[in-house]
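What follows is the residue order along each chain.
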Amino acid sequence: MAASVADLERILAEAETAIREVGSAQALAELRASYLGKKGSVSTLLRGLGQLSAEERAEAGKATNEAKKRIEAWVAERKASLALDARAKDLAEHRLDVTLPGFAPPRGHLHPTTQIEREMCTFFTEMGYGIEDGPEVESDWNNFGGLNFPEDHPARDLQDTFFVTGGNVLRTHTSNVQIRAMTGRQPPFRFVSPGRVYRNDLDGTHYPMFHQIEAVCVDERTTFADLKGTLFAFARHLFGAEAEIRFRAHFFPFTEPSAEIDIGWEGRWLEWGGCGMIHPRVLLNCGIDPERYQGFAFGMGIDRTAMIRWDIPNIQLLFDGDVRTMEQF
Ligand code: PHE
């Protein structure tokens with residue numbers, strides 16, 4: 001079959017309408033192939049050119065190429081308009097109401113122990129105390145010896161010590177920081193030191209790991225009255241203007257005199273921590289002249305403080321990681 005201009009005109013007219021009306025990108029691709037593909041009508045016409053005379057062939061060839069270009073242009077145009085239609089349809093169907101209330105993402109908060117610890121540190125930094133850090137694996141000297149615990153004395157066992165290799169212990173209190181921070185330093189100084197401590201003990205109010213905060217204040221004239229005033233202000237900062245404190249005489253190797261501190265709050269007295277005037281021997285052990293300098297130290301449980309504040313009946317509630325418990329703080 002020889003290609004004729006009439007054939008082309010017919011194909012073009014049909015193609016233009018068909019392309020304009022095609023409803024999907026898939027159908028458009030198929031339609032395009034039916035004209036321009038290897039077996040498409042335009043391609044077939046082109047192949048038929050061989051049978052024409054040279055003159056006719058040149059003219060018909062030109063017309064066919066022209067037709068190809070026009071079909072491609074219609075295809076491109078339709079392709080673009082189909083994409084626009086699809087987008088418009090998508091926008092209409094998936095309308096987003098930006099005025100709807102959102103969902104608040106679940107949000108965590110600080111552990112009660114951390115909350116109290118931060119309140120404690122803020123109180124002391126505002127009073128001009130520095131913050132000191134100390135390791136949880138500690139030498140016997142810093143945890144016991146330097147603090148005037150006699151060698152091989154049962155006092156070491158009183159604290160249910162966890163012994164580790166190399167003569168070290170898991171520190172049983174934050175008092176190790178007294179030795180660390182005072183050694184090689186001359187008064188006046190005051191600092192607090194919060195951190196984890198360890199004792200081999202487990203019941204409703206004891207856990208093998210817990211937190212303490214230590215406070216130390218040394219200069220030439222700090223007295224037990226300053227200790228009392230500081231603790232009183234501290235208690236009221238944490239528990240409000242109704243809080244009271246009282247002392248019960250006690251013994252610690254590293255303070256003299258020593259006392260246990262009770263906090264009075266909401267009609268009951270609760271054991272809160274230990275305190276005293278730093279023993280002259282401890283000052284000497286740190287290279288500080290006890291004839292010239294004196295000061296106080298105290299230490300208390302941070303978890304215990306949280307338990308008093310929020311009336312938490314069992315220390316394990318603080319550490320077993322139950323979200324239902326934690327959500328209440
Ligand atoms: N370290 C003592 C304890 O853990 C508490 C304490 C600290 C006592 C400082 C006196 C001075 O029981």
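Placed above this text is the structure.
Below you will find a few notes about this structure. (Residues numbered from 1 in each chain as written. Predicted model: local features only at pLDDT ≥ 70, side-chain atom pairs only at ≥ 80, totals over all residues. Heavy atoms only, no water.)

Of the regular secondary structure elements, the chain holds 13 helices and 9 strands. The C-alpha atoms of the chain give a radius of gyration of 43 Å, which is well past the 20 Å a tight globule of 329 residues would have. Its C-alpha atoms put the chain at 125 × 45 × 35 Å along the principal axes. For the chain, the proportion of its 329 residues judged to be buried stands at 41%. Across the chain, every contact between residues at least 6 apart in sequence was considered, and the portion connecting residues at least 24 apart equals 64%. Summed over its atoms, the accessible surface of the chain is roughly 18500 Å², and 53% of this surface lies on carbon and sulfur atoms. Computed over 36 positive and 48 negative side-chain charges, the inter-centroid distance for the chain is 10 Å. (Helix = DSSP H or I, 4+ residues; strand = E, 2+ residues; numbered from the N terminus. Rg over C-alpha atoms; globule rule 2.2 N^0.38 Å. Buried < 20%, exposed > 50% of the residue type's maximum accessible area, 1.4 Å probe, protein only. Contact = heavy atoms within 4.5 Å. Areas by Shrake-Rupley, 256 points an atom, 1.4 Å probe, with all protein chains shown as cover. Lys, Arg positive; Asp, Glu negative; His and termini not counted. Charge placed at Lys NZ, Arg CZ, Asp CG, Glu CD.)

Another aspect to go through is the sheet that holds strand E7 (residues 255-265). Here we have 7 strands laid out as an open sheet, ordered E1-E4-E5-E9-E8-E7-E6, and mixed in their pairing. The open sheet has two edge strands, strand E1 (130-131) and strand E6 (244-252), and neither has a second partner. (Pairing = 2+ DSSP bridges.)

As a rule of thumb, soluble globular proteins bury nonpolar side chains together. Ranked by size, the top nonpolar core spans 31 residues in total, and within it Leu-231, Phe-234, Trp-272, Phe-298 and Met-300 carry the most contacts. Secondary structure elements with two or more residues in this core: helix H5 (112-126), strand E5 (209-219), helix H9 (224-239), E7, strand E8 (268-278), strand E9 (294-301) and helix H11 (302-310). Of all the elements, H9 adds the most residues to this core, at 6 residues. Other than its neighbours up to four places away in sequence, Leu-231 contacts Ile-245, Phe-247, Ile-261, Trp-272, Cys-275, Phe-298 and Met-300. Listed in part, the 21 residues of the second largest apolar core include Phe-191, Val-216, Val-282 and Cys-286. (Core = buried A, V, L, I, M, F, W, Y, C linked by side-chain atoms within 4.5 Å.)

So, about the packing of helix H1 (residues 5-21) against helix H2 (residues 25-36). Following both chains from N to C, one finds H1 and H2 inclined at 175 degrees, their axes separated by 11 Å at the closest point. Taken together, the axes of H1 and H2 lie roughly antiparallel to each other. Taking contact as the criterion, the partners of Ile-11, Glu-14, Ala-15, Ala-18 and Ile-19 in H1 are, on H2, Leu-28, Leu-31 and Tyr-35. Among the residues forming the contact of H1 with H2, the class breakdown is 7 nonpolar, no polar and 1 charged. (Axes fitted to C-alpha atoms, helices over the stretch in contact; angles between N-to-C directions. Parallel < 35°, antiparallel > 145°, perpendicular 65-115°, else oblique. Nonpolar A, V, L, I, M, F, W, Y, C, P; charged D, E, K, R; others polar.)

Around the ligand, a shell composed of 14 residues is seen, among which His-173, Ser-175, Arg-199, Gln-212 and Glu-214 lie nearest. At a separation of 3.1 Å, a nitrogen atom of the ligand approaches a polar side-chain atom of His-173. The contact in question runs from an oxygen atom of the ligand to an N or O atom on the side chain of Arg-199, over 2.8 Å. Sorting the residues of the shell around the ligand by element identifies E5, E8 and E9 as the ones contributing at least two each. Residue contributions to the shell around the ligand peak at 3 residues, all from E9. Looking at the shell around the ligand, its residues break down into 5 nonpolar, 7 polar and 2 charged. (Near = heavy atom within 4 Å. Polar contact = N/O pair within 3.5 Å; in protein donor to acceptor, adjacent residues only side chain to side chain.)

At a minimum axis separation of 3 Å, H2 and helix H3 (residues 41-48) run at an interaxial angle of 10 degrees. Viewed along their axes, H2 and H3 adopt a mutual orientation that is roughly parallel. Residue-level inspection shows Ser-34, Tyr-35 and Leu-36 of H2 in contact with H3, the latter providing Ser-41, Val-42 and Ser-43. Along the lines of polarity and charge, the residues of the contact of H2 with H3 split into 3 nonpolar, 3 polar and no charged.

Looking now at the environment of Glu-214. By the element assignment, Glu-214 lies in strand E5. In the structure, Glu-214 is positioned 21 residues away from Ser-193 in sequence and 5.0 Å away in space, judged by C-alpha atoms. With near-sequence residues (within four places) excluded, Glu-214 lies in contact with Thr-174, Ser-175, Gln-178, Phe-191, Val-192, Ser-193, Phe-298 and Gly-299. Among the polar contacts made by the side chain of Glu-214, one reaches the side chain of Gln-178 at a distance of 2.8 Å.

Attention now moves to the packing of aromatic side chains. Summed over all chains, the structure comprises 17 aromatic pairs. Both rings, one in Phe-234 and one in Trp-272, keep their centres 5.5 Å apart while their planes meet at 25 degrees; by these two values the pair is stacked. Here Trp-272 lies in strand E8 and Phe-234 lies in helix H9, a separation of 38 residues in the sequence. You can call Phe-234 buried: its relative accessible area is 0%. Judged by centre distance (6.1 Å) and plane angle (20 degrees), the ring pair of Phe-296 and Phe-298 falls under stacked. No difference in accessibility class separates Phe-296 from Phe-298, as the two residues are buried. Aromatic ring contacts, followed pair by pair, group Phe-123, Phe-124, Tyr-129, Phe-234, Phe-239, Trp-265, Trp-272, Phe-296 and Phe-298 into a single cluster. (Phe/Tyr/Trp six-rings, centres within 6.5 Å; stacked < 30°, edge-to-face > 60°.)

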